[in-house]
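Structural characterization, general
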Amino acid sequence: MSTSALTLALVMATTAQATPCGGAPGEPVDVAQAERMLALLGDVAAGRSGLAHVEVVLADPRTDLVIAQMNVGRTVTKVRYAQLLRDFVAGREPRLEPDADLRAQRGAKALRDVLRILRWGAGHTDLLAERLSALRRSDPAAEAYRRAGAALPVPLDRGTRLHIVMGGRAGGAAIGDDVYFDLLAYSAFESTGEVPAFTPDAAVATFAHELHHLGLTAALESFPPALHLDPRSARAFGLVKLLVLEGSATWLVDAERDPARLRRDASVARELERGDALLADVERLLQGALSGELDGPACEAARAPLLAGGFHAAGALLLQAIDRTGGRDAVLTVLRDPRRLLVSYDEAVRDGAEGRTFDAGLAQAIGHLGEDRGKEAPGHPQPLDRIHGP
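A brief structural summary. The numbers attached to residues start from 1 for each chain and follow its sequence in the written order. Local features in this predicted model are restricted to residues of pLDDT 70 or higher, and side-chain atom pairs are both shown and tallied only at a pLDDT of 80 or more, whereas totals for entire chains, interfaces and linings draw on every residue. Only hydrogens and water are set aside; all other atoms, that is, all heavy atoms of the structure, feed into the side-chain values.

Brief notes about the nonpolar core
In this description, a nonpolar core means a group of buried Ala, Val, Leu, Ile, Met, Phe, Trp, Tyr and Cys residues linked to one another through side-chain atoms lying within 4.5 Å. The rule is simple: take the accessible area with a 1.4 Å probe, protein chains only, and divide by the maximum for that residue type; under 20% is buried, over 50% is exposed, in between is partly exposed. Core analysis: the biggest nonpolar cluster contains 119 residues, and Leu41, Tyr81, Ile164, Phe181 and Leu341 have the highest contact counts within it. Residues are treated as being in contact if the distance between any of their heavy atoms lies within 4.5 Å. Non-local contacts of Phe181, meaning those with residues more than four positions away in its chain, are made with Leu135, His163, Ile164, Val165, Gly171, Gly172, Tyr186, Phe198, Ala202, Ala203, Thr206 and Phe207.

Following this line, the structure appears as structure tokens:
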């Protein structure tokens with residue numbers, strides 16, 4: 001069988017079994033959008049016009065999830081994404097000159113990343129078809145829910161919809177009540193050594209990581225009932241929650257509390273190597289948020305460099321130290337009250353864990369956020385992609 005015939009056969013086989021949406025254990029994970037994007041890539045690989053498939057992909061609601069992820073810290077409109085796809089299938093070089101706005105500049109970079117990934121995909125359609133078929137057979141939902149639930153202080157709601165998609169610039173993301181694994185992006189990252197070799201467990205790990213985010217975010221929405229924060233404290237609390245969300249998913253779910261496995265995680269390895277320097281960056285960010293020095297856009301700009309794995313790595317380092325001296329229960333205590341993160345970490349260092357301590361005044365201020373005055377409740381951090389940041 002020719003390679004193009006193999007691709008078509010595998011796509012047709014999975015399409016026949018596709019369901020419009022996936023979610024709870026026992027239901028197949030939704031693969032419909034990935035199948036549609038794979039058909040588009042197949043047309044490009046064969047030298048055929050893929051314009052008809054572009055419109056099908058754009059009409060798929062799962063494509064909106066991919067675009068939504070690209071708007072975390074960036075601006076990418078559906079119109080610009082659509083034009084990128086049309087230029088890609090037509091063989092034209094897209095115009096991606098950014099506006100002066102910082103978010104638009106990041107958006108233009110994200111679209112350049114997507115273009116590179118699409119071009120890689122058009123040259124590897126058979127590989128993608130084989131992997132999509134393997135994911136369809138393995139159905140990663142049940143194991144993902146098990147891993148995510150085991151790392152939470154509260155039961156996990158099992159109503160989230162799980163999807164396999166293609167066409168984004170992140171390996172996975174949680175958007176509202178939907179979680180996706182981008183098979184094309186992951187496979188492209190694998191080709192450059194940025195992520196481990198693909199197995200169906202890659203989707204399980206991504207789903208579990210993002211389900212953990214959703215479960216912990218839901219648990220923190222009403223915590224604590226009487227907590228009120230002024231704008232400065234709200235920004236600091238949001239940053240601490242982000243450290244706990246990303247750090248706990250990385251340490252408890254991805255690494256499963258194994259330091260060696262954490263060090264092997266390519267998505268955080270570079271930031272982990274920075275160690276104390278990374279934690280010093282976190283300290284300056286929190287101090288700036290509390291003092292008001294980093295206000296609004298300045299805070300967003302200051303946290304942007306940490307979105308590509310810095311929050312994941314820093315949070316994991318803090319929770320790893322807490323776990324070393326206090327065990328899993330001590331970590332879950334921080335998950336129930338993220339304000340305890342710095343105080344608990346400093347205590348762990350004093351008890352023998354490796355690392356630098358934080359400024360004592362900062363740790364105490366974070367630990368008592370919302371206990372004095374203020375009327376503005378904190379906002380919740382947006383969902384972040386697991387593998388690549390801005």
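The discussion continues.
Things to note about the packing of aromatic side chains
For any two aromatic rings, the description comes down to two numbers: the centre-to-centre distance and the angle of the planes. Ring pairs are drawn from Phe, Tyr and Trp, using the six-membered ring of Trp, whenever the two centres fall within 6.5 Å, and their geometry is named by plane angle: stacked under 30 degrees, edge-to-face over 60, tilted for the rest. Under the defined criterion, the tally for this structure stands at three aromatic pairs. Pairing Tyr186 with Phe198 gives two aromatic rings, centres 6.3 Å apart and planes at 70 degrees, and the pair type is edge-to-face. Residue Tyr186 is found in helix α9 (residues 183-191), and its partner Phe198 is found in the loop between α9 and α10 (200-220); the two are separated by twelve residues along the sequence. When sorted by exposure, Tyr186 lands in the same class as Phe198, which is buried. Joined through ring pairs, the aromatic side chains of Phe181, Tyr186 and Phe198 make up one cluster. Runs of E in the DSSP output that reach at least two residues are strands. Runs of H or I that reach at least four are helices, and both are numbered from the N terminus.

Focus on the pattern of salt bridges
Two side chains bearing opposite charge may form a pair once their charged atoms approach each other closely. The term salt bridge refers to a side-chain nitrogen of Lys or Arg lying within 4 Å of a carboxyl oxygen of Asp or Glu. If you walk through the whole model with that rule in mind, you get 22 salt bridges. A salt bridge links Asp64 to Lys78, with the nearest nitrogen and oxygen atoms 2.8 Å apart. Of the two residues, Asp64 sits in helix α4 (residues 61-70) while Lys78 sits in helix α5 (residues 78-90), which places them 14 residues apart along the sequence. Looking at Asp64, the relative accessible area reads 35%, which means it is partly exposed. Judged by its relative accessible area of 34%, Lys78 falls in the partly exposed class. A salt bridge links Arg339 to Asp337, with the nearest nitrogen and oxygen atoms 3.1 Å apart. Asp337 matches Arg339 in its accessibility class, with the two residues each being buried.

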